[in-house]
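# Residue-level structural notes
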Protein chains: 2
Amino acid sequence: MELRLIVEVVTQYLDQQPAADKLRIRLYMALRQAILDRTLQQGVKLPPTRMLAEELDLGRNTVVRAYEQLLVEGYLEGRVGDGTYVSNVVDAASKPAAPKRLIGTRREGLSRRGTSIVNSAASSVIQNGAFMPGVPDVDQFPFSLWRRLLGKYLHAGQSRLLHYTHLGYGPLKVALAGYLRVTRMMVVDPKQIVVINGSHQGLDLCARMLADQGDRVWVEEPGYWGARNVLSAAGLEISPISLDAKGLAPTADDWAQPPRLVFTSPSSQYPTGTVMSLDRRLELLEGAFQSGSWIIEDDYDNELRYDERPVASLFGLCRRQRVIYLGTLSKVMFPGIRLAYMVLPEDLVDAFVIGNSELYRGGRMTEQAALAEFIDDGHFTAHIKRMRVIYQERRDILRQEMESRLGNAVSVSGGHAGLQLLYRFNAPVDDAQIAAQSLAEGVVCRPLSMYYADKHNSRAGLNLGFAAVPEKAIAPAVATLVRVIERHL
Amino acid sequence: MELRLIVEVVTQYLDQQPAADKLRIRLYMALRQAILDRTLQQGVKLPPTRMLAEELDLGRNTVVRAYEQLLVEGYLEGRVGDGTYVSNVVDAASKPAAPKRLIGTRREGLSRRGTSIVNSAASSVIQNGAFMPGVPDVDQFPFSLWRRLLGKYLHAGQSRLLHYTHLGYGPLKVALAGYLRVTRMMVVDPKQIVVINGSHQGLDLCARMLADQGDRVWVEEPGYWGARNVLSAAGLEISPISLDAKGLAPTADDWAQPPRLVFTSPSSQYPTGTVMSLDRRLELLEGAFQSGSWIIEDDYDNELRYDERPVASLFGLCRRQRVIYLGTLSKVMFPGIRLAYMVLPEDLVDAFVIGNSELYRGGRMTEQAALAEFIDDGHFTAHIKRMRVIYQERRDILRQEMESRLGNAVSVSGGHAGLQLLYRFNAPVDDAQIAAQSLAEGVVCRPLSMYYADKHNSRAGLNLGFAAVPEKAIAPAVATLVRVIERHL
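Residues numbered from 1 in each chain as written. Chains lettered and ligands numbered in written order. Predicted model: local features only at pLDDT ≥ 70, side-chain atom pairs only at ≥ 80, totals over all residues. Heavy atoms only, no water.

## Overview of the overall build of chain A
To keep it simple, the criterion reads: What counts as a helix is a DSSP run of H or I of at least four residues, what counts as a strand is a run of E of at least two, and both are numbered from the N terminus. All radius of gyration figures rest on C-alpha atoms, and the globule criterion is 2.2 Å times the number of residues raised to 0.38. Only protein chains enter the calculation, and the probe is 1.4 Å; a residue is then buried if its accessible area is under 20% of its type maximum, exposed if over 50%, and partly exposed in between. We call two residues in contact when some of their heavy atoms are within 4.5 Å. Shrake-Rupley sampling with a 1.4 Å probe provides the accessible areas, and residues are treated as covered by the protein chains on show and by no other component. Only four residue types enter the tally: Lys and Arg on the positive side, Asp and Glu on the negative side; His and the chain ends are excluded. By convention, the point assigned to a charge is CZ for Arg, NZ for Lys, CD for Glu and CG for Asp.
What chain A contains, in helices and strands, is 18 helices and 15 strands. Its C-alpha radius of gyration of 24 Å places chain A within 12% of the 23 Å reference for a compact globule of 489 residues. Seen through its C-alpha atoms, chain A measures out along the principal axes to roughly 70 × 60 × 50 Å. Going through the 489 residues of chain A one by one, you find that 62% of them count as buried. At a minimum sequence separation of 6, the contacts of chain A that also span at least 24 residues come to 73%. Accessible area of chain A: about 18,100 Å², with a carbon and sulfur share of 50%. Within chain A, one finds 56 positive and 54 negative side-chain charges whose respective centroids are separated by 4 Å.

This is the structure we're talking about:
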């Protein structure tokens, strides 16, 4: 596990410690918790005290004393002349003297659906670096510009922006409608747009406003596990539908039991990157119209398109109001912004505005106003344009490195848009194990198998994000990853 | 309807119009939509063009031409020498030539639960002024301080705050734990705190993590309708439980069918302001322990307490981990902030952190960091202290005005904490009609009957918010309200 990653983990855990405590205590608690959580796993070599002290900007004595205490308590073990390693925590934690885990692990008292949410959870504590898929490079964000815009709307004269809102901030919807018209050929009235807190919230809203407990939803197989979890937590029955080269490929048997909802990412399927063909799109729209199904179009990666094929949205193609369009700002602004939007068929707008307000309450008009101006003044498209160049270079480096080192052992797909490349293994391997071992050596990746609802019919592969890793860090990270992979081939 | 309110309504609707359109078109569209939505009802007298132009900072001709067009189309009618009034919109809207409502009203295609959410919705478009309950005076918010703190954490060196987060920003949890220790006598580990987007999200999370479809939840009768809607949308069966002078009063029959969840606001029941007695608290905790129920404690108004009785929280009283505590920042910061927090029994923390992340994704660490510093540096308590003085004066003026004008016709309750007073009528009247007529004359209030799950057993009253109305505006608004009330007594 490389130093950079360890420092990041320790920093995250340090943030969780009471600021009032002494630094030595905070560092001790942070390391201990990281070890108990297995974020720092058995065998990880900690950096020398002098180096960690420098990285964290702490006194060296602070680090020495934290290490010493963890050595005494058995969380760490020292090997003479070799350094300090994380011990076998199962043993350490089961010793009666060991402090109990601060975050409880008992699951008594949870509901069935609560237990199921916990058991299917898959989001990662690490959100950065090689090769976390789905996250942008936040270091490139135009901070000072955004600060200035937020400040402009955070003034006594703008106090009404601090209230709850039902409709959201009008000019933002106008700005988004303009953006969608230009980039997605979607002609929408700004009133059809509902601003939400993220696409998970939009999905949840669709699941509740449009479907009842036990209703069937089609999801892509493989597909975004997060969407499956949200839809399942809303009581829907998940029906995985296979993909082929043309995209989502429901059979006649599938249509014989039509779904209430269809969740799909036609412009760039996640995680395969497949673009749904026009005939498949028309079939899907016709089928949905015939069976009264609603289609949720997740256009999560549309902004970052590297080649010249503009792909029309399903929403824009549909003349019969069967499509709900989900757009996110997590990839082009930043993940923590928690602003996304839905575009709705006109007949649903009123109900969704009410439902959104009743279930979640609206607000954050200051941010919405700043974002509206950010878009209107062209900063949004300028930022996208700039990032597209950066990401494209990183994608190319990753592709070259993987090809030169693995050749025919893997097949690549995706990469015409978005933040990741999918590598399928051409021989059977345990991709989850590869991902786990790679993580232990400091390289994050997502096994393809986790994207399958039906794990028994999954294919092995790795989803590699290239966006949040600097160019010069790509080759070394690929080298590490390939070493792990080669142990399995 | 007073000028101030009309200006606010028109401003809100103006914000929804495309910025690209000419001002005259925008004003015309805004007024028309407000009339179609019945936000400006039949008979409302519009301000003279010169006055509206000044208030909205528009040219007078712009207003004149918008009025003229609306007069021609029948939305407004002029009375010679008397002014301009809103026409009977039913007629206007049903004319074939009238433009259709831009926001669709058809409900086809919604699920049963979606329809039910829409039908039970009750939140108000107007969020300010006399006498909107539950909203603070956002004009008093320390804008420049908050701007400075946000700016401090919105820097390239703080880019990691732009990522998704599972655990939330640690120092905020530490700051909140410190605040709860001092003000609520709650000894909590910061790790027990989960930062959420608002108490509705917290309620939804509890409903899904702890209860399954069809499980029973006790709610207070009368009680917060918003909570009922969220719990019901999560598939729970709502059991309204009566209140008496000591608070929530479940009978032996109620306990014979114990609930999965109990939703209660013991420190200051909403909307009655009743404080749950200690013996009743202990009974509730014991009952919940015996029956394996979870209690959700909504401490929505705790910060704004005007008398010297500190009221311990249920959470602090409970030794057996049956209570989930919900705290909001909407009342002491501002409603649109969309940051709130839950305090969880240790055994639930892990599952709720995962559930929150899977269902909603976390983020907004910049705001969380700013808030942590706002609390740590004492600005939070200073702001509360300052607002307490302002609100207490407004409460006293409202109470005096109501008493001097209505005397024994009403009985007041609440007001020892929070942002509103509840007035019950001592004779049977239609409180919903009073509220509607009062709104038409520019005074917002909530009829007590809307807080009842069982409308047939409701009592009549008015919930009056005193926080978002300046001192000198209180007496005239009471005068208006009393004129309406007297027509019904």
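## Observations concerning the environment of Glu8(B)
Residue and element names in this part refer to chain B. Tracing the chain through its elements places Glu8 in helix H1 (residues 3–15). By relative accessible area, Glu8 is classed as buried at 19%. Expressed as a C-alpha distance, the spacing of Glu8 and Leu56, which sit 48 residues apart in the sequence, is 9.4 Å. Residues in contact with Glu8, not counting those within four places in the same chain, are Ile126 and Asn128.

## Quick word on the relation of the copies chain A and chain B
Relating one copy of the chain to the other takes a rotation about an axis and a shift parallel to that axis. Test applied: The copies were overlaid with a least-squares fit restricted to C-alpha atoms from residues scoring a pLDDT of at least 70 in each copy.
Taken as rigid bodies, chain A and chain B are interconverted by a rotation of 180° and an axial shift of 0.1 Å, the fit giving an RMSD of 0.2 Å. Considering both components of the superposition, the chain copies are consistent with a two-fold axis. Mapped onto chain B, 99% of the interface residues of chain A again fall at the interface, so both copies present the same surface.

## So, the environment of Pro258(B)
The topology assignment puts Pro258(B) in the loop between helix H11 (252–256) and strand S8 (261–264). With sequence-adjacent residues up to four places away left out, Pro258(B) is seen in contact with Arg216(B) and Ser291(B).

## Description of the sheet that holds strand S12 (residues 410–414) of chain A
All names here are of chain A. What counts here: If DSSP finds at least two bridges between two strands, the strands pair.
What the four strands build is an open sheet, ordered S12-S13-S15-S14; its pairing is antiparallel. Looking at which strands have only one partner, the edges of the open sheet turn out to be S12 and strand S14 (446–447). One ladder, built from five bridges, connects S12 with strand S13 (residues 420–425); its direction is antiparallel. When the sheet's bridge partners are listed, Val412 is paired in S13 with Tyr423.

## Section: the interface of chain A and chain B
Just so we agree on the cut-off: Here the buried area means the combined drop in accessible surface, using a 1.4 Å probe, for two parts upon being joined, counting both sides. The working definition used for a salt bridge is a side-chain nitrogen of Lys or Arg within 4 Å of a carboxyl oxygen of Asp or Glu. We define a polar contact as two N or O atoms separated by no more than 3.5 Å, with the added condition that, inside protein, one atom must be a possible hydrogen donor and the other a possible acceptor, whereas residues neighbouring each other in sequence contribute only through side-chain atom pairs. Each residue gets one label: Ala, Val, Leu, Ile, Met, Phe, Trp, Tyr, Cys and Pro are nonpolar, Asp, Glu, Lys and Arg are charged, and the others, such as Gly, are polar.
With 100 residues of chain A in contact, the opposing surface of chain B contributes 99 residues. Both faces combined, the contact of chain A with chain B buries some 9,200 Å², and carbon together with sulfur accounts for 56% of it. In this structure, the salt-bridge partner of Arg112(B) is Asp212(A), at a minimum N-O distance of 3.7 Å. Put simply, chain A and chain B have 46 residue pairs in polar contact (both at pLDDT 80 or more) between them. Of the residues contributing to the side of chain A that touches chain B, the split by class is 44 nonpolar, 30 polar and 26 charged.

## Examining the packing of aromatic side chains
Threshold: Classification of ring pairs uses Phe, Tyr and Trp, with its six-membered ring standing for Trp, and accepts pairs whose centres are within 6.5 Å; under 30 degrees between planes counts as stacked, over 60 as edge-to-face, and the remaining range as tilted. Distance and angle both matter: a charge sits over a ring if NZ of Lys or CZ of Arg is within 6 Å of the ring centre and within 35 degrees of the ring normal.
Tallied over the full model, the rule gives 31 aromatic pairs over all chains. If you follow Arg322(A) out to its NZ or CZ, it ends over the ring of Trp294(A), 4.1 Å from the centre.

## Observations concerning the pattern of salt bridges
If the charged atoms of two oppositely charged side chains come close together, the side chains can form a pair. One pass over the structure, following the stated rule, counts 30 salt bridges over all chains. As a salt-bridge pair, Arg487(A) and Glu441(A) come within 3.7 Å of each other at their nearest N and O atoms. With Arg487(A) in helix H18 (residues 471–488) and Glu441(A) in the loop between helix H17 (431–440) and S14, this residue pair connects regions lying 46 residues apart in the sequence. In this structure, a network of salt bridges that share partners links the residues Asp204(A), Arg208(A), Asp204(B) and Arg208(B).

## Description of unusual backbone geometry
Residues and elements named next belong to chain A. At the junction of Ala130 and Phe131, the peptide bond is cis and its omega measures out at -5° in the coordinates. Considering the arrangement of structural elements, one finds Phe131 in the loop between helix H6 (112–120) and helix H7 (143–153). Here Glu221 and Pro222 are connected by a cis peptide whose omega angle stands at 0°. Inspection of the secondary structure puts Pro222 in the loop between strand S5 (216–221) and helix H10 (225–233). Notably, Arg338 is not glycine yet its phi reads approximately 50°, a positive angle. Looking at where Arg338 falls in the secondary structure, it is placed in the loop between strand S10 (323–328) and strand S11 (340–343). In this structure Arg338 comes out as buried when scored by relative accessible area, which is 4%.

## A word on the side chain of Arg280(A)
Residues and elements named next belong to chain A. Relative to the elements of secondary structure, Arg280 occurs in helix H12 (residues 278–291). Overall, the relative accessible area of 12% leaves Arg280 in the buried class. A polar atom in the side chain of Arg280 sits 3.0 Å from the side chain of Asp244.

## Some remarks on the sheet that holds strand S13 (residues 420–425) of chain B
Residues and elements named next belong to chain B. Pairing is antiparallel in the open sheet, where four strands are placed in the order S12-S13-S15-S14. This sheet does not close on itself; its edge strands, each paired only once, are strand S12 (410–414) and strand S14 (446–447). Note: S13 against strand S15 (residues 461–465), five bridges, orientation antiparallel. Bridging from a neighbouring strand, Tyr423 pairs with Leu462 of S15.

## Regarding the packing of helix H1 (residues 3–15) of chain A against helix H3 (residues 49–56) of chain A
All names here are of chain A. Convention followed: Axis lines are fitted to C-alpha atoms, over the contacting stretch for helices. Their N-to-C directions set the angle, which ranges from 0 to 180 degrees. Small angles under 35 degrees read as roughly parallel and large ones over 145 as roughly antiparallel, with 65 to 115 read as roughly perpendicular and the rest as oblique. Take the far helix as the reference: if the near one is turned anticlockwise from it by less than a right angle, the crossing is left-handed, and if turned clockwise, right-handed.
Following both chains from N to C, one finds H1 and H3 inclined at 60°, their axes separated by 11 Å at the closest point. On the basis of their axis angle, the class for H1 and H3 is oblique. The handedness of the crossing between H1 and H3 is right-handed. Together, Leu3, Val7, Val10, Thr11 and Leu14 of H1 and Met51, Leu52, Glu55 and Leu56 of H3 make up the contact between the two elements. Across the contact of H1 with H3, the residue classes tally to seven nonpolar, one polar and one charged.

## A few points about helix H18 (residues 471–486) of chain B
All names here are of chain B. Keep this limit in mind: Given the number of residues in a helix, its expected span is that number minus one, multiplied by 1.5 Å.
Taking 1.5 Å per residue as the helical rise, H18 with its 16 residues ought to reach 22 Å, and the 23 Å between its terminal C-alpha atoms agrees with that figure. For H18, every residue scored as buried is listed here: Ile474, Ala477, Val478, Ala479, Thr480, Leu481, Val482, Val484 and Ile485. Its buried side turned inward, H18 meets helix H16 (379–406), S13, helix H17 (431–440) and S15.

## Concerning the confidence of the model for chain A
In low-pLDDT regions, the fine details of the predicted coordinates are not to be read closely. Residues and elements named next belong to chain A. Note the threshold: pLDDT is defined as a per-residue confidence score from the predictor, taking values between 0 and 100.
Mean pLDDT for chain A: 88, with 93% of residues reaching 70 or above. The low-confidence segment residues 90–106, where pLDDT is below 50, has 28 contacts with residues more than four positions distant or belonging to other chains. Here the predicted complex scores 0.81 on pTM and 0.80 on ipTM.

## Quick notes on the environment of Arg394(B)
Residue and element names in this part refer to chain B. By secondary structure assignment, the location of Arg394 is in helix H16. Here Arg394 falls in the buried class, since its relative accessible area comes to 3%. For the pair Arg394 and Lys472, spaced 78 residues apart in sequence, the C-alpha to C-alpha distance is 9.1 Å. With residues up to four places along the chain from it excluded, the contact list for Arg394 reads Asp137, Gln140, Phe466, Ala467, Val469, Pro470, Glu471 and Ile474.

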